[in-house]
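Understanding the architecture of this molecule
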Amino acid sequence: DLQVDACYRLLLVLCGLNGVYFTRFQVKRMHRLAARLAVAPPALAERIEALLAAPAREAFATLHTLEGEVLELVAQGLPDVDLAAPRERWSAYAPD
C-alpha cells in the first residue's frame, strides 16, 4: 500500500532528524514512537492513523500536508541539506 510506505518513510526521516532508532516493527507502536520524537509535526500518530483510514482523496491531502511539514522540519534542523528536488516534487503533486 502506497500510503503505508509513504508514512513509513516520513517516520524514517523524522527518526533520523531526531536521532532515534526505528524499525518497521515499531509502526505497530506508533504512538509510543511519535512521543519520542521531539521534532515532529503535531499529532503525528493520530494524523497518520486517520489518513490510513480515510478515503483516498482525503488521505492524499493529509499525507501531502504531512510531507510538507516534514520537509520544513528537515530544512530547519539540517539547513545544509539541499531540499530543492524534494520541494519541487512535493509542489508538483499538490492536491486539487
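Residues numbered from 1 in each chain as written. Predicted model: local features only at pLDDT ≥ 70, side-chain atom pairs only at ≥ 80, totals over all residues. Heavy atoms only, no water.

So, the confidence of the model for the chain
Of the residues in the chain, 96% reach a pLDDT of 70 or more, and the chain-wide mean stands at 91. Element-level mean pLDDT values for the chain span from 89 in helix α2 (residues 30–35) up to 96 in helix α4 (residues 56–77). (pLDDT = per-residue confidence, 0-100. Helix = DSSP H or I, 4+ residues; strand = E, 2+ residues; numbered from the N terminus.)

Some details on the environment of Ala-85
Of note, Ala-85 is situated in helix α5 (residues 84–92). Overall, the relative accessible area of 44% leaves Ala-85 in the partly exposed class. Counting along the chain gives 32 residues from Ala-85 to Ala-53, while the straight-line C-alpha distance between them is 29 Å. (Buried < 20%, exposed > 50% of the residue type's maximum accessible area, 1.4 Å probe, protein only.)

Examining the nonpolar core
Leu-11, Leu-44 and Ile-48 are the most contacted members of the largest nonpolar core, which has 27 residues in total. The dominant element in this core, judged by the number of residues it contributes, is helix α1 (residues 2–18), at 8 residues. (Core = buried A, V, L, I, M, F, W, Y, C linked by side-chain atoms within 4.5 Å.)

A short note on the pattern of salt bridges
In the structure shown here, the tally under the stated rule is 2 salt bridges. Here Glu-69 and Arg-47 are joined by a salt bridge, their closest N and O atoms 2.8 Å apart. Of this pair, Glu-69 sits in helix α4 while Arg-47 sits in helix α3 (residues 44–53), placing them 22 residues apart in sequence. Classification of Glu-69 by relative accessible area gives partly exposed; the value is 25%. For Glu-72, the salt bridge identified is with Arg-87, shortest N-O distance 3.3 Å. With Glu-72 in helix α4 and Arg-87 in helix α5, the pair connects residues that are 15 residues apart, well separated along the chain. Here Glu-72 falls in the partly exposed class, since its relative accessible area comes to 38%. (Salt bridge = Lys/Arg side-chain N within 4 Å of Asp/Glu carboxyl O.)

Some remarks on the packing of aromatic side chains
Under the counting rule described, the total for this entry stands at 1 aromatic pair. Seen from their ring centres, Tyr-8 and Phe-22 are 5.5 Å apart, and the 40° between their planes marks the pair as tilted. Of this pair, Tyr-8 sits in helix α1 while Phe-22 is found in the loop between α1 and α2, placing the two residues 14 residues apart along the sequence. For Tyr-8, a relative accessible area of 18% puts it in the buried group. (Phe/Tyr/Trp six-rings, centres within 6.5 Å; stacked < 30°, edge-to-face > 60°.)

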